[in-house]
Amino acid sequence: MSETFWVALGSIGTTLAFGGVVWQGYLTRGALKVNQLMTADAIRSRLDSQAPGVTLRLSPPPWDPLAATTIGMPCNPWPQGHTWHFPAEQEGANRLVLQQVLVMENLSDRRVQARFDGDLVVANDGRPAAAGVIVLEPGETSRDVYLQREFTIKELSENFIAEQAGQVLPHKVLGTVTVEDDRDNGSTDRWDLVLTGCPVQPVPDREGLWMIAPWHLTEGSGLRTLDYSLLPSRQRVHWVSRARGIQLPAPDGA
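Before going into details, it helps to say that this report is about the structure given with it. Since the model is a prediction, treat every value here as computed from it, not as a measurement.

Right, let's get into the pattern of salt bridges. Scanning the entire structure with this criterion turns up 15 salt bridges. Glutamate 158 is the salt-bridge partner of lysine 154, the closest N and O atoms lying 3.2 Å from each other. Here lysine 154 pairs with glutamate 158, and both are found in helix α4 (residues 153–164), just 4 residues apart, close to one helical turn. On the accessibility criterion, lysine 154 (24% relative accessible area) is partly exposed. Aspartate 189 is the partner of arginine 234 in a salt bridge, and the nearest nitrogen-oxygen pair spans 4.0 Å. Pair noted here: arginine 234 is in strand β14 (residues 234–241) and aspartate 189 is in strand β10 (residues 187–197), with a separation of 45 residues, a long-range link.

The following block contains the structure:
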């Protein structure tokens, strides 16, 4: 760890009132490192206890899948029983929308700022607009934010082919939510969101034809073909000084 980091870390020790660790010139290098890590752990625990309580909830994707529209929103279910043939109909109006609705709630007594990046939009007069940055007051719940992207039927067929081959699906809806309060010595929470899957599949015994995944006798609706999360994992960064760009090291000292 750099000398600059530990100088900055020491500067907040009095404010956080941790005590218990005294920097003594006679300590060996090994003992000094142990004390440094103990101090970092103590600061991390204090920052965790002071971090704003913010929840992020995602709804299941709608099924039947949604059809893209010229204005972007709202999206309606694609008519049942439709089939597509490639390559003639791989582009144009033949597009499906993968979508989840996201809601955030600020359970803390502090104002927080949430930043939305990637395929995250809000409905603005019937059209999708980048969700951007919102401020949540204590106890406030956000408006609906949509993790949403449209794909050609050809792209979704490529997802199916990749899955059958045991490969990573090439087409995904991706978004990132970052939340922080206004404290220089605080924390930043981040959620990485992914929605993907294979909502279309080949029509049995009809070469070149594709259809929306039908109901399965034991596995249920075509929702089974989508890969998504309702409670994505949170990543937290602890700051010694946000303004100076100095982070507390990860628990393993990395």
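Summarising the sheet, strand β4 (residues 83–85) and strand β12 (residues 209–212) pair through 3 bridges and their orientation is antiparallel. Along β12, the bridge assignment pairs tryptophan 84 with tryptophan 210. Pairing between strand β11 (residues 200–202) and β12: 3 bridges, direction antiparallel. Looking at the pairing, glutamine 201 lines up with methionine 211 of β12.

What follows is about the side chain of threonine 178. Relative to the helices and strands, threonine 178 is located in strand β9 (residues 172–180). Beyond its immediate chain neighbours, meaning those up to four positions away, threonine 178 contacts Gln113, Ala114, Arg115, Thr188, Asp189 and Arg190.

Our focus in this paragraph is the packing of aromatic side chains. In this structure the tally under the stated criterion is 1 aromatic pair. Here phenylalanine 160 and tryptophan 210 contribute two aromatic rings whose centre-to-centre distance is 5.7 Å and whose plane-to-plane angle is 85°, an arrangement assigned as edge-to-face. Of the two residues, phenylalanine 160 sits in helix α4 while tryptophan 210 sits in strand β12, which places them 50 residues apart along the sequence. Each member of the pair, phenylalanine 160 as well as tryptophan 210, is classed as buried.

What counts as what
- Residues numbered from 1 in each chain as written.
- Predicted model: local features only at pLDDT ≥ 70, side-chain atom pairs only at ≥ 80, totals over all residues.
- Heavy atoms only, no water.
- Salt bridge = Lys/Arg side-chain N within 4 Å of Asp/Glu carboxyl O.
- Helix = DSSP H or I, 4+ residues; strand = E, 2+ residues; numbered from the N terminus.
- Buried < 20%, exposed > 50% of the residue type's maximum accessible area, 1.4 Å probe, protein only.
- Pairing = 2+ DSSP bridges.
- Contact = heavy atoms within 4.5 Å.
- Phe/Tyr/Trp six-rings, centres within 6.5 Å; stacked < 30°, edge-to-face > 60°.

Worth remembering: the numbers are spatial, not functional.
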